[in-house]
Amino acid sequence: QVQLVESGGGLGQAGGSLRLSCAASGIIYNLNTMAWYRQAPGEQRKLFAQITNGGNADYVDSVKGRFTISRDNAKKTVYLKMDSLKPEDTAVYLCVADLTYQDFTGTPVAVKEYWGQGTQVTVFS
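Conventions used here
- Residues numbered from 1 in each chain as written.
- Predicted model: local features only at pLDDT ≥ 70, side-chain atom pairs only at ≥ 80, totals over all residues.
- Heavy atoms only, no water.
- Salt bridge = Lys/Arg side-chain N within 4 Å of Asp/Glu carboxyl O.
- Buried < 20%, exposed > 50% of the residue type's maximum accessible area, 1.4 Å probe, protein only.
- Phe/Tyr/Trp six-rings, centres within 6.5 Å; stacked < 30°, edge-to-face > 60°.
- Helix = DSSP H or I, 4+ residues; strand = E, 2+ residues; numbered from the N terminus.
- Lys NZ or Arg CZ within 6 Å of the ring centre and 35° of its normal.
- Lys, Arg positive; Asp, Glu negative; His and termini not counted.
- Polar contact = N/O pair within 3.5 Å; in protein donor to acceptor, adjacent residues only side chain to side chain.
- Contact = heavy atoms within 4.5 Å.

K.L.:
So what's going on with the pattern of salt bridges? Which residues, and what values?
P.N.:
Enumeration according to the criterion identifies four salt bridges in this entry. Here Lys 81 and Asp 83 are joined by a salt bridge, their closest N and O atoms 3.9 Å apart. The class of Lys 81 is partly exposed, set by a relative accessible area of 40%. The exposure class assigned to Asp 83 is partly exposed, which follows from its relative accessible area of 23%. A network of salt bridges, in which partner residues are shared, links Arg 38, Arg 66 and Asp 89.

K.L.:
How would you summarise the packing of aromatic side chains if you had to cite specific residues and measurements?
P.N.:
Scanning the entire structure with this criterion turns up four aromatic pairs. Measuring from ring centre to ring centre gives 5.6 Å for Phe 48 and Tyr 93, while their planes differ by 80°; the resulting arrangement is edge-to-face. On the criterion of sequence distance, the pair formed by Phe 48 in strand β5 (residues 46-51) and Tyr 93 in strand β9 (residues 91-102) is long-range, its members being 45 residues apart. The buried category is assigned to Phe 48, whose relative accessible area is 3%. For Tyr 93, a relative accessible area of 0% translates into the label buried. Ring-pair connections join several aromatic residues into one group, and the members of that group are Phe 48, Phe 67 and Tyr 93. The ring centre of Tyr 79 lies 4.4 Å from the NZ or CZ of Arg 19, which sits over that ring.

K.L.:
Could you give me a rundown of unusual backbone geometry, with the residues and numbers involved?
P.N.:
Look at Lys 76: it is not a glycine, yet its phi comes out positive at around 55°. Examined against the element boundaries, Lys 76 turns out to sit in the loop between β7 (67-72) and β8 (77-82). Backbone geometry places Ser 84, a non-glycine residue, at a positive phi of 50°.

K.L.:
Please set out the side chain of Glu 6 residue by residue, giving values where relevant.
P.N.:
By the element assignment, Glu 6 lies in strand β1 (residues 3-7). The buried charged residue Glu 6 lacks any salt bridge, with Arg 45 as its nearest oppositely charged partner at 8.9 Å. Separated by 3.2 Å, the side chain of Glu 6 and the backbone nitrogen of Gln 117 make a polar contact. A polar side-chain atom of Glu 6 sits 3.0 Å from the main-chain amide nitrogen of Gly 118. What Glu 6 contacts, discounting residues up to four positions off in sequence, is Ser 21, Cys 22, Trp 36, Tyr 93, Leu 94, Cys 95, Gly 116, Gln 117, Gly 118 and Thr 119.

Shown next, in the form of structure tokens:
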């Protein structure tokens, strides 16, 4: 089986920085576009950053210039560097990947959106 595990969440000060990681484990044949979503209390889950296999990144306006998504294909890991944090950034942050993995029978399984469990980020003023 495959897992996506987020790490690096916790408390951050307004104006400060945090760095999140999302590491994929298991037998993975293809690791395509990876993305970060976040869900604030009482709100819908929203996509805010994504990166292609080739490293092309896109952001929503609210995080552009403050957040940076990157990836290390050798480590099967996607990163999120968050600078100039704001209280509005408080949310559960989730990693998602378009990937193909090998299940326990050795069969390739393609999943367009494979989700991590999420990690809490809380920004205080």
